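# Working through the structure, step by step
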Protein chains: 4
Amino acid sequence: MELKGIYAPIPTPFYPDGAIAWEALDRNLEKWLSSPLQGLVVGGSNGEFPSLSFAERAELTARVTSRTKGKLPVVMGVHCPSLSETLELCRAASDAGADAVLALPPHYYKGQNTVETLRTYFWKLADGSPVPVVLYNMPANTGFNLTAEHVREISTHPAIIGIKDTSGDIVQISRLCFEAREGFSVFVGSGGFFLPGLAVGCTGGTLALANLLPEACSRLMSLFLEGRIDEARKIQHRVLRLNHAVTKGYGIPGLKAALDAIGLYGGPCRLPLPELGPKNRQEVIQLLEETNLLEKEVWR
Amino acid sequence: MELKGIYAPIPTPFYPDGAIAWEALDRNLEKWLSSPLQGLVVGGSNGEFPSLSFAERAELTARVTSRTKGKLPVVMGVHCPSLSETLELCRAASDAGADAVLALPPHYYKGQNTVETLRTYFWKLADGSPVPVVLYNMPANTGFNLTAEHVREISTHPAIIGIKDTSGDIVQISRLCFEAREGFSVFVGSGGFFLPGLAVGCTGGTLALANLLPEACSRLMSLFLEGRIDEARKIQHRVLRLNHAVTKGYGIPGLKAALDAIGLYGGPCRLPLPELGPKNRQEVIQLLEETNLLEKEVWR
Amino acid sequence: MELKGIYAPIPTPFYPDGAIAWEALDRNLEKWLSSPLQGLVVGGSNGEFPSLSFAERAELTARVTSRTKGKLPVVMGVHCPSLSETLELCRAASDAGADAVLALPPHYYKGQNTVETLRTYFWKLADGSPVPVVLYNMPANTGFNLTAEHVREISTHPAIIGIKDTSGDIVQISRLCFEAREGFSVFVGSGGFFLPGLAVGCTGGTLALANLLPEACSRLMSLFLEGRIDEARKIQHRVLRLNHAVTKGYGIPGLKAALDAIGLYGGPCRLPLPELGPKNRQEVIQLLEETNLLEKEVWR
Amino acid sequence: MELKGIYAPIPTPFYPDGAIAWEALDRNLEKWLSSPLQGLVVGGSNGEFPSLSFAERAELTARVTSRTKGKLPVVMGVHCPSLSETLELCRAASDAGADAVLALPPHYYKGQNTVETLRTYFWKLADGSPVPVVLYNMPANTGFNLTAEHVREISTHPAIIGIKDTSGDIVQISRLCFEAREGFSVFVGSGGFFLPGLAVGCTGGTLALANLLPEACSRLMSLFLEGRIDEARKIQHRVLRLNHAVTKGYGIPGLKAALDAIGLYGGPCRLPLPELGPKNRQEVIQLLEETNLLEKEVWR
């Protein structure tokens with residue numbers, strides 16, 4: 001398996017009572033599967049994994065793979081507080097049909113994280129997981145940055161096939177690309193720096209934005225690959241504010257509000273994520289309109 | 001229940017194969033119960049809670065309460081990634097005989113934490129927990145600071161009886177003490193600022209150091225209460241470096257090395273915590289000797 | 001010279017056109033000299049030193065010493081971007097009658113600050129200054145923290161007689177007090193942690209708050225020295241919010257608004273410091289009233 | 001004047017006694033003027049401006065313009081602690097023949113920096129300066145980040161013609177490019193993210209690296225403009241480690257060691273910058289060799 005192209009880290013749809021909205025998930029998947037998306041991430045940060053039970057995480061992946069039917073790769077987020085639970089979830093991911101797992105570094109005792117313990121941790125995961133492991137650097141949420149030095153030591157394991165870096169540190173991402181061994185892919189972790197990430201050598205991205213604008217993300221990447229940077233940049237610029245709103249700005253509540261606005265199912269979040277007030281919801285809709293890209297999206 | 005005096009946040013003893021060393025726990029408890037400690041915290045940060053299973057966390061508390069037999073209060077750490085699991089663990093804590101639970105704020109989506117969601121989160125815990133809730137501010141590990149403003153809004157719930165603040169921000173701790181409603185206690189979260197914490201109004205502390213030096217911690221507090229600040233300060237100063245080594249410096253591996261050195265069971269940590277190398281271990285022993293306090297401790 | 005008791009870091013009064021209001025300074029000094037203040041700092045952070053010319057800084061000190069007439073020590077802030085200018089200002093300080101100088105670490109190339117270069121820098125200052133040097137740790141403004149390790153290496157020079165630490169890191173301040181050589185004093189740098197600073201061994205403080213409440217600050221310290229901590233704490237608690245408003249909250253504009261409110265001359269700041277709007281000004285007045293301490297101050 | 005292409009922020013050469021090495025400067029300039037560099041920055045961060053006197057800063061610029069003779073634009077760093085001195089230096093810059101000035105935001109009272117005070121500050125500079133103003137964002141040194149929101153408000157003044165952003169925050173740089181008014185240029189501030197900076201819309205860069213590798217930097221930019229991103233990326237990757245060594249890693253001492261190694265004059269720094277030890281100096285030489293680009297540089 002090789003990480004390439006545009007992956008959507010899909011949110012988990014909930015009913016107002018907190019139950020998973022399975023049919024809404026199916027309908028969303030139908031749309032995403034008719035788009036140029038090249039992969040899906042289930043139970044990642046945008047999937048609200050900390051608010052899901054162990055069983056729900058596996059079940060969600062099973063439902064998604066039952067719909068994707070192998071047409072595109074499905075990556076499952078497996079982070080649990082302990083290594084043993086994470087390993088168990090790797091096995092459940094494989095049973096549920098996931099093609100790879102996405103794994104955060106341990107981060108509660110971040111002050112004690114050494115390159116040795118990180119390597120040991122990830123190698124145990126890679127040894128024990130039936131499917132390949134993708135590293136997941138998400139410092140805004142974990143408070144810990146997996147550096148290029150860390151990754152150089154960890155990534156020599158053949159079952160560790162790539163990293164999704166959400167740090168936004170473009171020099172770090174450049175170093176990751178430069179130092180990556182053959183077969184190790186670096187993935188952009190946010191639509192805010194998709195173009196510069198591609199410029200420094202990323203092979204694609206896992207972008208919250210791709211849930212909303214798969215066509216635009218795909219077009220940006222195609223233009224880039226054809227060397228038409230000026231046109232790619234125009235798309236990148238146009239999505240900056242919307243991307244901010246559905247990531248750092250309003251987070252998953254913002255993303256779900258945007259999904260609601262374009263006719264997919266967003267719905268509420270589980271606690272502790274807040275509900276988006278009407279004013280912010282209006283702003284998200286406004287930003288969607290400003291992109292001028294939605295009209296070309298398949299679901300409009 | 002009122003938080004007062006010196007609590008030890010006890011580490012969880014493991015065998016080299018990672019299994020819990022139950023007998024070692026019993027022997028440690030025997031020592032701690034013969035000391036001036038006024039309370040125990042089980043399954044907190046020093047207890048390596050992220051590396052424990054749900055069942056182990058409850059079982060550890062049950063074992064401890066079977067030994068303490070109500071002689072002193074036992075507080076159980078209950079943080080889980082999701083609210084629903086945390087609530088379940090509150091009930092398990094009560095079943096296991098805990099007198100209160102210690103609860104971190106949600107912190108994965110830290111960028112979306114508002115005072116409203118924090119209040120909703122903790123009030124749901126307080127409503128659902130059969131035993132009182134103690135807030136737990138631990139920014140070095142969570143990457144999120146529970147501010148005095150947050151606490152003012154959260155702490156109006158009568159079942160939320162106090163906070164352990166490990167931030168070391170003494171102005172924040174002063175504000176917490178100043179603004180605390182009747183019946184809400186502020187606890188110092190580290191031996192590095194025990195005396196200044198008492199000075200600004202804390203009623204005690206949950207100190208990793210108290211696992212090692214319960215007599216010294218207790219004496220410091222008594223001297224303080226008698227207004228003999230100069231003598232209290234001498235103890236505070238003398239333990240600064242040792243405290244650093246067993247908290248920020250070497251973390252739980254340092255604390256366990258120190259326990260080994262004084263004749264209690266420290267033992268290894270579970271992954272991802274590193275093992276302490278021989279040189280650092282020697283430094284911890286050296287720091288223990290420098291305190292000049294151990295000779296008066298009961299286990300020497 | 002020994003650092004002891006309560007120093008006021010006096011603001012520099014300006015007319016609306018930006019000129020120094022010399023007569024207003026004289027009137028303020030008259031008040032401060034009739035208070036229990038034990039020292040003055042001129043041209044420090046509260047004195048807006050970055051907005052003063054070299055000549056103004058020396059002239060201000062000369063004006064102050066012409067009024068204090070040796071009744072209390074006057075310390076002059078001497079930080080300039082370059083070492084050579086700072087040394088020159090040390091000589092000007094001495095000529096102007098200052099008893100000591102207050103010197104920040106170099107901080108523009110903070111990434112290159114090593115303990116060796118810091119020691120070399122401060123020893124050159126101490127060798128070249130006709131009057132003793134007080135270290136000044138002010139990380140909120142400089143973005144660089146002078147650690148206890150740094151200070152241990154720097155402070156062996158006999159002409160370096162103390163430090164004002166504004167970091168608020170009470171463990172660091174404890175270590176500074178513990179490790180201080182005979183004759184090296186540690187001064188609290190903000191009224192927000194005056195009591196805990198005293199508790200861990202500081203000999204006094206340079207407090208913006210002392211410009212407003214010299215009596216209250218002095219009483220807090222006396223109560224502390226008598227071991228009447230509960231009463232000292234009450235004062236500490238009561239000034240927390242006001243102290244915040246005139247330091248981190250609204251800065252020097254807040255301090256000057258408060259001076260205006262109590263009948264001293266505050267006046268406007270030089271650019272780039274903002275003017276305080278009427279609403280914030282009202283809040284400062286409100287906080288002054290809340291302290292319940294002003295009625296006992298000499299100037300009301 | 002329009003900011004475009006590659007500028008070198010030249011270091012100030014000193015003799016071991018600290019005096020400016022004027023002839024060495026001339027020889028360096030001769031080399032740089034025979035290279036593809038399109039502009040020079042004098043008395044910027046790499047020019048050790050905080051260690052230069054007011055007179056030296058102007059004199060350096062005059063010397064440089066007497067050599068460049070208008071062949072390429074010369075930008076002078078003018079930051080002083082106070083606005084009035086900075087304004088005076090703007091006038092001196094113009095007298096010395098500078099084409100524009102580079103101005104940091106005020107940053108000592110960073111906690112009080114509002115968009116209004118920043119705008120007022122920079123507009124006063126722009127009104128008073130005889131030559132255009134370039135904003136300079138350098139958070140690693142100032143501890144303050146000039147955000148895209150700030151710049152949007154400040155940059156409406158017609159005499160403010162661009163910004164050099166050294167933050168490395170590629171999303172912020174993208175927003176700056178997206179929101180820039182006609183005639184306002186965004187310049188990359190470090191060779192570590194030159195390619196991604198160009199990708200998102202920068203018109204060039206002021207790169208410490210350009211002092212060493214003007215040909216390589218120029219080639220990278222040409223390749224980029226021709227849409228040959230893969231080749232441009234190869235150069236970007238190859239210089240990553242060297243760039244780090246002469247910026248964040250070893251700073252100006254590293255840059256000067258590299259200049260020494262390639263036959264230009266680097267020489268020592270003024271205090272408080274440290275001297276580079278022999279081991280680190282060797283590493284810098286090693287990194288120069290690893291780039292494989294130097295052989296094509298004019299001075300080898």
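Here, the structure is the one placed above.
Read on for an overview of the structure. (Residues numbered from 1 in each chain as written. Chains lettered and ligands numbered in written order. Predicted model: local features only at pLDDT ≥ 70, side-chain atom pairs only at ≥ 80, totals over all residues. Heavy atoms only, no water.)

Quick look at the overall build of chain A now. Helix and strand content of chain A: twelve helices and eight strands. Computed over C-alpha atoms, the radius of gyration of chain A comes to 18 Å, within 12% of the 19 Å expected from 2.2 N^0.38 for 300 residues, which places it in the range of a compact globule. In terms of overall dimensions, chain A has a C-alpha envelope of 50 × 45 × 35 Å along the principal axes. Counting every position in chain A, which comprises 300 residues, the buried fraction comes to 64%. Taking as baseline every contact in chain A between residues at least 6 positions apart, the subset at least 24 positions apart corresponds to 70%. Summed over its atoms, the accessible surface of chain A is roughly 10400 Å², and 50% of this surface lies on carbon and sulfur atoms. (Helix = DSSP H or I, 4+ residues; strand = E, 2+ residues; numbered from the N terminus. Rg over C-alpha atoms; globule rule 2.2 N^0.38 Å. Buried < 20%, exposed > 50% of the residue type's maximum accessible area, 1.4 Å probe, protein only. Contact = heavy atoms within 4.5 Å. Areas by Shrake-Rupley, 256 points an atom, 1.4 Å probe, with all protein chains shown as cover.)

Residues and elements named next belong to chain D. On strand 7 (residues 185-188), burial covers both faces: S185 and F187 on one face and V186 and V188 on the other are all buried. Crossover strand 6 (residues 160-165) to strand 7 through helix 7 (residues 170-179) is right-handed. Direction of pairing for strand 7 relative to strand 8 (residues 204-206): parallel, over a ladder of two bridges. If you follow F187 over to strand 8, its bridge partner there is G204. Crossover connection from strand 7 via helix 8 (residues 194-199) to parallel strand 8: handedness right-handed. (Right-handed = clockwise from strand over helix to strand, strands pointing away. Pairing = 2+ DSSP bridges.)

A separate point is the packing of helix 1 (residues 22-33) of chain D against helix 2 (residues 54-68) of chain D. Residues and elements named next belong to chain D. Interaxial distance between helix 1 and helix 2 falls to 10 Å at its minimum, and their mutual angle equals 40°. Classed by the angle they form, the pair helix 1 and helix 2 counts as oblique. The hand of the helix 1/helix 2 crossing is right-handed. Of helix 2, the residues touching helix 1 (which contributes W22, E23, L25, D26, L29 and L33) are E59, L60, R63, V64, R67 and T68. Looking at the contact of helix 1 with helix 2, its residues break down into six nonpolar, one polar and five charged. (Axes fitted to C-alpha atoms, helices over the stretch in contact; angles between N-to-C directions. Parallel < 35°, antiparallel > 145°, perpendicular 65-115°, else oblique. Left-handed = near helix turned anticlockwise from the far one by under 90°. Nonpolar A, V, L, I, M, F, W, Y, C, P; charged D, E, K, R; others polar.)

All names here are of chain A. Evaluated as defined, the whole model comprises 52 salt bridges over all chains. D230 serves as the salt-bridge partner of R233, at 3.2 Å between the closest nitrogen and oxygen. A residue pair is termed a helical-turn pair when its members lie 3 or 4 positions apart in one helix, as R233 and D230 do in helix 10 (residues 229-249) at three residues. One connected set of salt bridges, linked through shared partners, spans E149, R152, R175 and E179. (Salt bridge = Lys/Arg side-chain N within 4 Å of Asp/Glu carboxyl O.)

Residues and elements named next belong to chain C. In this structure, the amide linkage connecting L271 to the following residue, P272, adopts the cis form with an omega of 10°. Structurally, P272 is set in the loop between helix 11 (251-261) and helix 12 (278-291). Within the chain, K69 stands out as a residue other than glycine whose phi angle is a positive 50°. Assignment of secondary structure puts K69 in the loop between helix 2 (54-68) and strand 3 (74-77). Overall, the relative accessible area of 65% leaves K69 in the exposed class.

Reading around the circumference, 1-2-3-4-5-6-7-8 (chain C) is the order of the eight strands in this closed barrel, with parallel pairing throughout. Pairwise comparison of adjacent strand axes, ignoring direction, gives a mean angle of 25° for this sheet.

What follows deals with helix 11 (residues 251-261) of chain D. Residue and element names in this part refer to chain D. Counting buried residues along helix 11, nine of its eleven residues qualify, which places the element largely inside the surrounding structure. Listed as buried for helix 11 are G251, I252, P253, G254, L255, K256, A257, A258 and L259. Close packing links the buried residues of helix 11 with helix 1, helix 10 (229-249) and helix 12 (278-291). Positioned one or two residues after helix 11, G263 has a phi angle of 95°, which is positive.

Superposition of chain A onto chain B requires a rotation of 180° combined with a translation of 0.0 Å along the rotation axis, giving an RMSD of 0.0 Å. These values place the two chain copies in the arrangement generated by a two-fold rotation axis. Closest approach to the rotation axis within chain A is made by the C-alpha atom of A:G143, at a distance of 2.6 Å. Both copies contact each other with a shared surface, as 100% of the interface residues of chain A are interface residues in chain B too. (Least-squares fit on C-alpha atoms with pLDDT ≥ 70 in both.)

Counting residues at the interface gives 35 residues for chain A and 35 residues for chain B. When the buried surface of chain A facing chain B is broken down by residue, A:Y108, A:Y109 and A:Q112 rank first, second and third, together holding 28% of it. Here chain A and chain B share ten residue pairs in polar contact (both at pLDDT 80 or more) between them. Secondary structure elements with two or more residues in the side of chain A that touches chain B: helix 4 (115-128), helix 5 (139-142), helix 10 and helix 11 (251-261) of chain A. Here the side of chain A that touches chain B takes four residues from helix 4 of chain A, the largest share from any one element. (Buried area = accessible area lost by both parts, 1.4 Å probe. Polar contact = N/O pair within 3.5 Å; in protein donor to acceptor, adjacent residues only side chain to side chain.)

A word on the relation of the copies chain D and chain A. Note on the identical chains: chain D maps onto chain A by a rotation of 180° and an axial translation of 0.0 Å, with an RMSD of 0.0 Å. Of the residues that chain D buries at the interface, 100% are likewise interface residues in chain A, meaning the two copies contact each other through the same surface.

Right, let's talk about the arrangement of the chains for a bit. At the C-alpha level, the nearest point of chain A lies 18 Å from chain C, with no contact between them. Nothing in chain B touches chain D; the tightest C-alpha to C-alpha distance between them is still 18 Å.

What follows concerns the interface of chain D and chain A. Tallying the contact residues gives 22 residues for chain D and 22 residues for chain A. Roughly 1900 Å² of surface becomes buried between chain D and chain A when both sides are summed, with 75% attributable to carbon and sulfur atoms. Taken together, the links from chain D to chain A amount to six residue pairs in polar contact (both at pLDDT 80 or more). Looking at the side of chain D that touches chain A, the elements with two or more residues in it are helix 7, helix 8 and helix 10 of chain D. Looking at the side of chain D that touches chain A element by element, the count peaks at six residues for helix 7 of chain D. Class assignment of the residues belonging to the side of chain D that touches chain A gives a composition of 13 nonpolar, six polar and three charged.

Let us now look at the sheet that holds strand 1 (residues 5-9) of chain D. Residue and element names in this part refer to chain D. As summarised here, the arrangement of the eight strands in space is 1-2-3-4-5-6-7-8, forming a closed barrel in which the pairing is parallel. Sheet twist, expressed as the average angle between the axes of neighbouring strands with direction ignored, equals 25°. Taken strand by strand, helix 2 contacts strand 2 (39-42) and strand 3 (74-77), and its axis lies near 175° from that of strand 3.

With that out of the way, let us pick up the pairing of strand 5 (residues 133-137) of chain C. All names here are of chain C. For strand 5, a buried count of five out of five residues is recorded, marking the element as mostly surrounded by other parts of the structure. A two-sided burial pattern is seen for strand 5, the buried positions comprising V133, L135 and N137 on one face and V134 and Y136 on the other. Here three bridges tie strand 4 (residues 100-103) to strand 5, and the two strands are oriented parallel to one another. Across the sheet, residue A103 finds its bridge partner in strand 5, namely L135. In terms of handedness, the path from strand 4 via helix 4 (residues 115-128) over to strand 5 forms a crossover that is right-handed.

Attention now goes to the environment of A:L240. Residue placement: A:L240 occurs in helix 10. Of the residues examined, A:L240 reaches a relative accessible area of 5% and is grouped as buried. When residues no more than four places from it in sequence are discounted, the contact partners of A:L240 are A:G192, D:V171, D:S174, D:R175 and D:F178.

Residues and elements named next belong to chain D. The end-to-end C-alpha distance of helix 2 is 22 Å, a good match for the 21 Å that 15 residues give at a rise of 1.5 Å each. If you check which residues of helix 2 are buried, you get E56, R57, A58, L60, T61, V64, T65 and T68. On its buried face, helix 2 sits against helix 1, strand 2, strand 3 and helix 3 (83-95). Count one or two residues on from helix 2 and you reach K69, which has phi positive near 45°. (Expected span 1.5 Å × (residues − 1).)

Note that every value here comes from positions in space, so none of it alone points to a role or purpose.
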